[in-house]
Structure formats: C-alpha cells, structure tokens
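Next come the chains, spelled out residue by residue.
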Amino acid sequence: MTLTPATVAETTEQQITTVSERLGIQVRSAWRYFDASATADRLAQSLSSYAECSSEKGVGQAPMPPIGNPELAVVLAGVPDSLAQTGGDL
C-alpha cells in the first residue's frame, strides 16, 4: 500500500479538525497534541509489519477459481441479464 504525502497530510488535517470539534477547541490548539515524529514512526512500523505479514500469507492475491470452473461460468453467464434487468452498465 502506497501513501502519498498529500494523502497523509489530508488525513492528518481531517483528524486534527475532528479532534478540535470533539474537544470544543480551536484547530490550532488541537495541533499541540499532534506529534509528527511519533506518527511517522508508527506509519513506518505499520508498513514494515504489513510487509512481513502480507508476504507470508500471500495477501494481495485475489482468490480466483480455475478458468474451467462451472460455478464461475454460471455466474458470468448471468451478468448480462442482470445488467439488462437493472439498467446497469459495464
């Protein structure tokens, strides 16, 4: 999972705003409770533990039945009819 700096900044700002609203304080006061160094350390630790866990268990690979699976054929055969009935679009 890749986090862009903009995503992290936006999420952090949203959380700070939420904290300030819940505590009934100004946003600038809520920033006093934010420790950028600790947050960066937690993100790095989460990333490394995620990488260790996911590589061991094959995380990220969607479970797909074999191409010749008859149940998969039945499901896929019904997709056009379902779309026509609901007015959906691919």
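Analysis parameters
- Residues numbered from 1 in each chain as written.
- Predicted model: local features only at pLDDT ≥ 70, side-chain atom pairs only at ≥ 80, totals over all residues.
- Heavy atoms only, no water.
- Helix = DSSP H or I, 4+ residues; strand = E, 2+ residues; numbered from the N terminus.
- Buried < 20%, exposed > 50% of the residue type's maximum accessible area, 1.4 Å probe, protein only.
- Areas by Shrake-Rupley, 256 points an atom, 1.4 Å probe, with all protein chains shown as cover.
- Expected span 1.5 Å × (residues − 1).
- Arc of directions from axis to C-beta.
- Contact = heavy atoms within 4.5 Å.
- Phe/Tyr/Trp six-rings, centres within 6.5 Å; stacked < 30°, edge-to-face > 60°.
- Patch = residues over 30% accessible without salt bridge, like charges linked within 9 Å, V, L, I, M, F, W, Y side chains within 5 Å.
- Salt bridge = Lys/Arg side-chain N within 4 Å of Asp/Glu carboxyl O.
- Bend = angle between axes of the 7 residues up to and from the residue.
- pLDDT = per-residue confidence, 0-100.

### Overview of the overall build of the chain
Link 1 in the chain: For the chain, the count of helices and strands is 4 helices and 0 strands.
Link 2 in the chain: When the helices and strands of the chain are listed from N to C terminus, the series reads α-α-α-α.
Link 3 in the chain: Residues counted as buried form 10% of the 90 residues belonging to the chain.
Link 4 in the chain: Total accessible area computed for the chain in this model is approximately 7700 Å², and 58% of it derives from carbon and sulfur atoms.

### Some points on helix 1 (residues 5-23)
Link 1 in the chain: A rise of 1.5 Å per residue sets the reference length of helix 1, with its 19 residues, at 27 Å; its end C-alpha atoms lie 27 Å apart and thus fit the reference within 8%.
Link 2 in the chain: Within helix 1 the residues assigned to the buried category are Thr12, Ile16 and Ser20. Projected onto a plane normal to the axis of helix 1, the buried residues spread over an arc of 70 degrees and lie on a single side. Seen from the buried face of helix 1, the exposed residues on the opposite side, beyond 90 degrees, are Ala6, Glu10, Gln14, Glu21 and Arg22.
Link 3 in the chain: If you follow the buried residues of helix 1, they end up packed against helix 2 (27-30).

### Overview of the packing of aromatic side chains
Link 1 in the chain: Applying the stated criterion across every chain, the model contains 1 aromatic pair.
Link 2 in the chain: The interplanar angle of 90 degrees and the centroid separation of 5.4 Å between the aromatic rings of Trp31 and Phe34 together place this pair among those described as edge-to-face.

### As for the side chain of Thr12
Link 1 in the chain: Relative to the helices and strands, Thr12 resides in helix 1.
Link 2 in the chain: The contacts of Thr12, once residues within four sequence positions are left out, are Trp31 and Phe34.

### So, a nonpolar patch on the surface
Link 1 in the chain: Together, Val19, Leu23 and Tyr33 make up a nonpolar patch on the protein surface, roughly 330 Å² of accessible area in all.
Link 2 in the chain: In this fold, Val19 is placed in helix 1.

### Some points on helix 4 (residues 70-86)
Link 1 in the chain: Given a rise of 1.5 Å per residue, 17 residues ought to cover 24 Å, and the 25 Å separating the end C-alpha atoms of helix 4 matches this to within 8%.
Link 2 in the chain: If you look at helix 4, its biggest bend is around 30 degrees, right at Val79, and the proline Pro80 turns up within four residues after that.
Link 3 in the chain: With 1 of 17 residues buried, helix 4 is to be regarded as a mostly surface element.
Link 4 in the chain: Gly87 sits one or two residues past helix 4 and shows a positive phi near 80 degrees.

### What to know about the confidence of the model for the chain
Link 1 in the chain: On average, residues of the chain carry a pLDDT of 76, and 79% of them reach 70 or more.
Link 2 in the chain: In the model of the chain, helix 3 (residues 36-57) stands out as the element of lowest mean pLDDT, 72, in contrast to helix 2, which has the highest, 88.

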